[in-house]
Amino acid sequence: MIVDAARLDEAAAALAELPGSVLVSAAGVSVVGAFDGVATGREARIKAAEQRLNRAKDVQESAAQAVHDGEEAVAQAQRRLEGARAGVRLAEIEAKLGERRARLGELNAAIEELTPKVAEAERQAGTLDFRARTRDMEIERLEGRRHRHESERAQAREQETRVGAERESLKLGALAADWGGTIETAREWLEALPEEERPRAAEEWWRVAERHLDQALRDTFPSEDEAEIPEELRFLLNEREGSTAREQATFPAVCGALASYLRGQEEYERHQRRQIEAQLVSRQRDLAAAARGAEEAAQSTAVHRAALTAAIKARLARVAEEFDKLDTSYGGYGATLEFPVPPAPADPEQRWQWRVTPKWRRGEGQGFVPYNRRANTALMDEKAVKLVCAAAIASSGGGHLCLVLDELGRNLGKEHRREAVALFRRIGETYGITVIGALQDDMEPYAIDACGQYIKLRRSSDAMPYNEPPVIVGHDQHAERVRALAAYVDRGTPALA
């Protein structure tokens, strides 16, 4: 079709939707469209094929962008759904927590109301128990005294009968004259003697008295050091040596001096005994207070240990639950943690070590197998990644966490690497956990696909100093962020010579 040059624009607009149209003007030939298939000419067929290839690439790029937008929308919808479920669960938990707090307040009020009554009842029970024990002890003491008095009365009656018979056989008048004293004094002296001593003569009595005096001196001064013997008693002991008459003459004085010294010692020892008894009572009181304090400390320690045990078990149970969820979500058959409660250490300075054993299933319906059972390294690394993520999820209580990983992707295959980086992206977006890891070079495409932002810092050469500005490789939807980071890093300290 040939048109005027002045109306070339209108003709181009009218023929824009018609394939194969050609406009001829003074300036040249303008092709508006082309046919999908050209009947003749190799170059025409090649150009037509190129045009169809370009249109197919455009359609593929549009479809890929649509798929990417759909995945983003699905991920956002899943996050919103999880947030809604968490909100509903939070509301239920807050309602239950309110009920528990109200119940706890009622119980605390009841305990505060009953505490004075219980204390008063315990005090009264203690008082009554003390009175009952005191009364029982008094009864036992009186019963003992009664039996002792009855025994003494029976012995007195027997002795009275025996003395009466002996009195009849003795001539008391002659004996009283020989005694030189009253009958009462003689009776008292005789009654004090045991049966085997009454037939003794005067010489025998003197030898017995000497033996008793020597024994008393040895018991009083066992070291035989004359410096310990009082001066008066030492003088009398020196005077009585030589003859039996002198010993008999000084015997009463020696006994008197020894008795005076022993009375003084008795007063001193009585004073010492009172001091020892007072110290004993004080130390027993301190010991009872210390025992009560130790018992209270033991009870407090037991309560604290029980609370700590419950908290540790709850945290490990949450890690096991998240570990199982992640394993089943990413192609596994289920996983768990085994953590038996260890016995409490006897020494407070010893470590209270918990042993946690990761386990997982290797097939559907099989039992859990511990991590140290023989297996390939790729499986163990894949489970390790999930366990680390489960621990991070269980530890995220609304705060910001940073998870630092080394050798990420080692021993993992292509599919497991893709799952690993997807898992790290999920915990980062869902729980606000920042993941920083040292990657192998072959892990870089997976990290770029999974992360919206990717920054890699590497040295330009192993021969360069460590403070040399690094080479920055970045991937971001906003390129200006990478450029800003590069400018900030390049502003570092100069390299060492």
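Residues numbered from 1 in each chain as written. Predicted model: local features only at pLDDT ≥ 70, side-chain atom pairs only at ≥ 80, totals over all residues. Heavy atoms only, no water.

Caption draft 1: Geometry of the overall build of the protein chain. In terms of helices and strands, the protein chain carries 11 helices and nine strands. In the protein chain, which comprises 497 residues, the share counted as buried stands at 16%. Contacts in the protein chain between residues at least 24 apart in sequence constitute 48% of all its contacts with a sequence separation of at least 6. Surface exposure of the protein chain reaches about 37100 Å², of which carbon and sulfur atoms provide 55%. (Helix = DSSP H or I, 4+ residues; strand = E, 2+ residues; numbered from the N terminus. Buried < 20%, exposed > 50% of the residue type's maximum accessible area, 1.4 Å probe, protein only. Contact = heavy atoms within 4.5 Å. Areas by Shrake-Rupley, 256 points an atom, 1.4 Å probe, with all protein chains shown as cover.)

Caption draft 2: Broad picture of the pattern of salt bridges. A full pass over the atoms with the stated rule returns 11 salt bridges. Here glutamate 150 and arginine 146 are joined by a salt bridge, their closest N and O atoms 3.1 Å apart. Remark: arginine 146 and glutamate 150 occur in helix α2 (residues 42-169); sequence separation between them is four residues, near one turn of the helix. On the accessibility criterion, glutamate 150 (34% relative accessible area) is partly exposed. (Salt bridge = Lys/Arg side-chain N within 4 Å of Asp/Glu carboxyl O.)

Caption draft 3: Representation of the environment of arginine 79 in the model. Mapped onto the fold, arginine 79 is located in helix α2. The partly exposed category is assigned to arginine 79, whose relative accessible area is 33%.

Caption draft 4: A look at the nonpolar core. Core analysis: the largest hydrophobic core is formed by 25 residues, its most contacted members being Leu326, Cys389, Leu403, Leu423, Phe424 and Ile427. Among the secondary structure elements, those contributing two or more residues to this core are α7 (244-329), β3 (335-338), α8 (377-395), β6 (401-408) and α9 (414-431). If one sorts the elements of this core by residue count, α8 sits on top with six residues. Sequence-distant contacts of leucine 403, defined by excluding residues within four places in its chain, comprise Val388, Ala392, Phe424, Ile427, Ile433, Thr434, Val435 and Ile436. (Core = buried A, V, L, I, M, F, W, Y, C linked by side-chain atoms within 4.5 Å.)

Caption draft 5: Representation of the sheet that holds β3 within the structure. What the three strands build is an open sheet, ordered β3-β4-β5; its pairing is antiparallel. Single-partner strands in this sheet number two, and they are β3 and β5 (369-370). Judged from the four bridges that link them, β3 and strand β4 (residues 357-360) form a sheet pairing that is antiparallel. For glutamate 338, the partnering residue across the bridge sits in β4 and is threonine 357. This element, α7, spans β3 and β4 of the sheet and lies at about 160 degrees to β3. (Pairing = 2+ DSSP bridges. Axes fitted to C-alpha atoms, helices over the stretch in contact; angles between N-to-C directions.)

Caption draft 6: Representation of the packing of helix α6 (residues 231-239) against α7 in the model. Viewed as axis vectors pointing N to C, α6 and α7 meet at an angle of 165 degrees, and their least axial separation amounts to 9 Å. The pairing of α6 with α7 is recorded here as roughly antiparallel in orientation. In the packing of α6 onto α7, the handedness of the crossing is left-handed. Residues Glu232, Leu233, Leu236, Leu237 and Glu239 of α6 form the contact with α7, whose participating residues are Arg246, Ala253, Val254, Ala257 and Leu258. (Parallel < 35°, antiparallel > 145°, perpendicular 65-115°, else oblique. Left-handed = near helix turned anticlockwise from the far one by under 90°.)

Caption draft 7: Quick peek at the side chain of threonine 357. By secondary structure assignment, the location of threonine 357 is in strand β4. Residue threonine 357 is classed as buried on the basis of its relative accessible area, which comes to 17%. When neighbours within four sequence positions are excluded, threonine 357 is seen to be in contact with Thr336, Leu337, Glu338, Pro370 and Tyr371.

Caption draft 8: Structural view of the environment of valine 435. Position of valine 435 among the secondary structure elements: in strand β7 (residues 433-439). Judged by its relative accessible area of 30%, valine 435 is partly exposed. It is 6.0 Å that separates the C-alpha atoms of valine 435 and valine 404, two residues lying 31 residues apart in sequence.

Caption draft 9: Structural context of the side chain of aspartate 327. By secondary structure assignment, the location of aspartate 327 is in helix α7. Excluding anything up to four places from it in sequence, aspartate 327 contacts Gly332, Tyr333, Gly334, Ala335, Lys383 and Lys386.

Caption draft 10: Representation of α6. Taken residue by residue, α6 has Leu233, Leu236 and Leu237 as its buried positions. The buried residues of α6 all sit within an arc of 100 degrees when viewed along its axis, so they share a single face. (Arc of directions from axis to C-beta.)

Caption draft 11: Focus on the confidence of the model for the protein chain. Overall, the prediction assigns the protein chain a mean pLDDT of 78, with 85% of residues at 70 or greater. Averaged pLDDT values for the elements of the protein chain fall to 46 in strand β2 (residues 28-31) and rise to 89 in α2. Confidence drops under a pLDDT of 50 for residues 25-39, and excluding neighbours within four residues, the segment shows 28 contacts in the predicted structure. Low confidence marks residues 493-497, where pLDDT is under 50. Its contacts with residues over four positions away, or in another chain, come to seven contacts. (pLDDT = per-residue confidence, 0-100.)

Caption draft 12: Representation of the pairing of β4 within the structure. Here β4 shows two buried faces, one formed by Thr357 and Lys359 and the other by Pro358 and Trp360. Relative to β5, β4 runs antiparallel, the two sharing two bridges. Bridge pairing links tryptophan 360 to valine 369 in β5.

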